[in-house]
Amino acid sequence: MDNAITPRGPKPRRRLSRANIMLYGTLIVVAMYYALPLYVMVVTSLKGMPEIRLGNVFSPPVEITFQPWVKAWSEACTGINCDGLSRGFWNSVQILIPSVFLSIVIASINGYALANWRFKGADVFFTILILGAFIPYQVMLYPIVIILREMGLYGSLWGLVLVHTVFGMPILTLLFRNYFTAIPEELFKAARVDGAGFWGIYFRIMLPMSLPIFVVAMILQVTGIWNDFLFGVIYTRPEIYPMTVQLNNIVNSVQGVKEYNVNMAATLLTGLVPLIIYFASGKLFVRGIAAGAVKG
Amino acid sequence: MTSVLVKDLTLKFGAVTVLDNLNIDIPEGEFLVLLGASGCGKSTLLNCIAGLLDPTDGEIHINDRNVTWEEPSGRGIGMVFQSYALYPQMTVEGNLSFGLKNARMPKAEIKERVDRAAEILQIEPLLHRKPAALSGGQRQRVAIGRALVRDVDVFLFDEPLSNLDAKLRADLRVEIKRLHHNLQNTMIYVTHDQVEAMTLADRIAIMKGGIIQQLDSPTEIYNRPRNKYVAGFIGSPEINFFEGRIENGVFATTGERFSLEGYEFQNNGHEGSAWLGIRPEHIVSGDAAKDLPVSARVTIDIVEPMGSDTLAWATLAGVPLRIRMDGQAAVSSGDEIHIGFDPSRASLFDKTSEERV
């Protein structure tokens, strides 16, 4: 140290300190760990089969071809159907939209009622609901089969929508309840003095303040339902299998040559929706928080 | 005419009794302040009157109508909250008109009322702003405006100035007083600030443990507190208490005997253990003290100059004594001075019941 320098202004920091090396070293290793498989998948999906047989997993494609993607989307065979993943994609979309919509609508009203309108037995109701989140799915698989059969929904799209809606309830209700509880109670009281009722307060006061939590709930539900395999394979028929189940059937088919490039492309296609949701709503999420953070 | 009548009101949360058989009769146009330390039930009482809490027992009448089972919006009240509770996503105009829209009032009348309230509170330039773009004082004005547009007979204030800084609080306090003067509505105002209570109130209700300790005009409460709690709660710096006995018109305490000549007893000839309370501002110092019925010599321990007045600490009869002196008084610690007080300005409380005697 040079004693001639008197400390003044911002304290100088060393860039190559031991802590920094540890920090960035760990970050780089972890990033590689996650990025490398993705890289291999993208690269392989753009190669033709002859090039794959050369065995250089990490080398970039010599000749880029989108044929595997086209095949995965519209030509790959599962059982007797040879119209690719597109069928599964549309099935998943048809399952996803009503499930996400219904579960969020119902859970937000549940959470609002639990947070602001302390009805008799609210605590018991809430406890039971939360307990539901801890019961393993396997326990409920067969009972639900019976329930759906009795309702005449077994094997149908709406049966699966119902299952997703019900299973989303505990965690989403908890999410909304906690968010609404954090909104100052006086705001709710003021709205009551102003003559707003149950729905008036929900739609005019609570909803406009709650964009961030709706985005969070949407992310949770979209990824959860899109990635679901178990319920999809159990409660639907082959023609309406969701994309994940169809992907499994394509990748794990035992007949013929294993087309790695098609498999990779199919997997990437299936993962695309949650990925897009993360990227698109990430911004919306931040904006939502910024808008909601303004206290009255 | 009675504006708000609270009859045998009791509220229990499980085993905890928050309000205990309360009765208040508030005449039309009165400014009533509910004053007490936190947890005394004053805000709970206000919420019951507003209809935001269901009482366990009792009735609430507003304008000679039993509104005990009525919704808050149907009671003819407007309420102002401590945290302003403005709807953040609406403009000031939206905040003011929300209640009127809920009542399905014609658009023209809504506009007229909003404009009038904005004019009274001088918030016209702010009508199209969101609450986030307002200062604390402006927000509280809007909150008052929201009660104003409803054109109600009873205003309820729940510690409306507690979130504001000292200067703004003093300004808005005067404004609320002016508002009451102009509107002549019944107002019920909850606060823990005794200055607000003393300056605003026609009558003050001092609450403790869900019971009203004293309901009187500010001067009566200040000069003739009904019990020891009220005497200690009102007044800053705090009243001085001496523990002793009343014997033959003399108050005897450790090493001192105070004459009680001129003290107005509730019933004559009270004897026995008691507390004597004398306010710091009623203690006279200097030569004038020598002629008073009670006088003594004390040594000043500490002096706290506050500009407008000076608070001196001494010891008398074994207990610390606060003396409020003129702001220009030339005293310093170690000085020995003459002090005295007129027993007619003191308050005597029974030792066990702590009631005024």
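In this text, all values refer to a predicted model and were calculated from it rather than measured experimentally. (Residues numbered from 1 in each chain as written. Chains lettered and ligands numbered in written order. Predicted model: local features only at pLDDT ≥ 70, side-chain atom pairs only at ≥ 80, totals over all residues.)

*Asks:* What am I meant to see in the domain arrangement of chain B here?
*Replies:* By a frequent convention, interface size equals the accessible area lost on bringing the separate parts together. Residues and elements named next belong to chain B. Per the domain assignment, the segments making up chain B are domain 1 (2-231) and domain 2 (232-350). For domain 1 versus domain 2, the distance between C-alpha centres works out to 38 Å. Between domain 1 and domain 2, the contact holds 10 residues from the first and 10 residues from the second. For the side of domain 1 that touches domain 2, the secondary-structure elements that each account for two or more residues are α7 (218-223) and α8 (228-233). Looking at the side of domain 1 that touches domain 2 element by element, the count peaks at four residues for α8. A breakdown of the residues in the side of domain 1 that touches domain 2 according to their chemical character gives seven nonpolar, two polar and one charged. (Domains from an automatic or database assignment. Contact = placed C-beta atoms within 7 Å. Helix = DSSP H or I, 4+ residues; strand = E, 2+ residues; numbered from the N terminus. Nonpolar A, V, L, I, M, F, W, Y, C, P; charged D, E, K, R; others polar.)

*Asks:* Explain unusual backbone geometry to me, please; I cannot follow it from the model alone.
*Replies:* Peptide bonds are mostly trans, and most non-glycine residues show a negative phi. Residues and elements named next belong to chain B. Cis rather than trans, the peptide bond between Ser 236 and Pro 237 has omega equal to 0°. Mapped onto the fold, Pro 237 is located in the loop between α8 and β11 (240-247). Although it is not a glycine, Asn 63 sits at a positive phi angle of roughly 50°. As for its placement among the helices and strands, Asn 63 is situated in the loop between β4 (57-62) and β5 (65-66). Backbone geometry places Gln 122, a non-glycine residue, at a positive phi of 55°. Structurally, Gln 122 is set in the loop between α3 (107-121) and α4 (136-148).

*Asks:* Is there a simple way to think about the domain arrangement of chain A in this case?
*Replies:* All names here are of chain A. With domains assigned, chain A is organised as domain 1 (18-65) and domain 2 (86-292). The centre of domain 1, based on its C-alpha atoms, is set 33 Å off from the matching centre of domain 2. Listing elements by their share of the side of domain 1 that touches domain 2, those giving two or more residues are α1 (18-45) and α2 (49-53). Of the residues forming the side of domain 1 that touches domain 2, the biggest block, four residues, is contributed by α1.

*Asks:* Explanation requested: the interface of chain B and chain A in the structure shown.
*Replies:* Each partner contributes to the interface: chain B provides 20 residues, whereas chain A provides 17 residues. Tallying contributions element by element places helix α2 (residues 92-102) of chain B first for the side of chain B that touches chain A, with three residues. Here the residues of the side of chain B that touches chain A sort into 15 nonpolar, five polar and no charged.

*Asks:* Sorry, what's going on with the environment of Gly 210 of chain B here?
*Replies:* All names here are of chain B. Looking at the element boundaries, Gly 210 is found in the loop between β9 (203-208) and β10 (211-216). Separated by 152 residues in the primary sequence, Gly 210 and Gly 58 place their C-alpha atoms 14 Å from one another. Non-local contacts of Gly 210, meaning those with residues more than four positions away in its chain, are made with Thr 17, Val 18, Leu 19, Asp 20 and Gly 41.

*Asks:* Explanation requested: the nonpolar core in the structure shown.
*Replies:* Side chains of nonpolar character tend, in soluble globular proteins, to be buried together. Residues Leu 34, Ile 49, Leu 156 and Ile 188 of chain B are the most contacted members of the largest nonpolar core, which totals 136 residues. Per-element tally for this core: the top contributor is helix α7 (residues 157-182) of chain A, with nine residues. Apart from the residues within four sequence positions on either side, Leu 34 of chain B is in contact with Lys 42, Leu 45, Leu 46, Ile 188, Val 190, Ala 205 and Met 207 of chain B. Ala 76, Met 243, Val 262 and Met 264 of chain A belong to the second-largest nonpolar core, a separate cluster that totals 11 residues. (Core = buried A, V, L, I, M, F, W, Y, C linked by C-beta atoms within 7 Å. Buried ≥ 20, exposed ≤ 12 C-beta atoms within 10 Å, placed from the backbone.)

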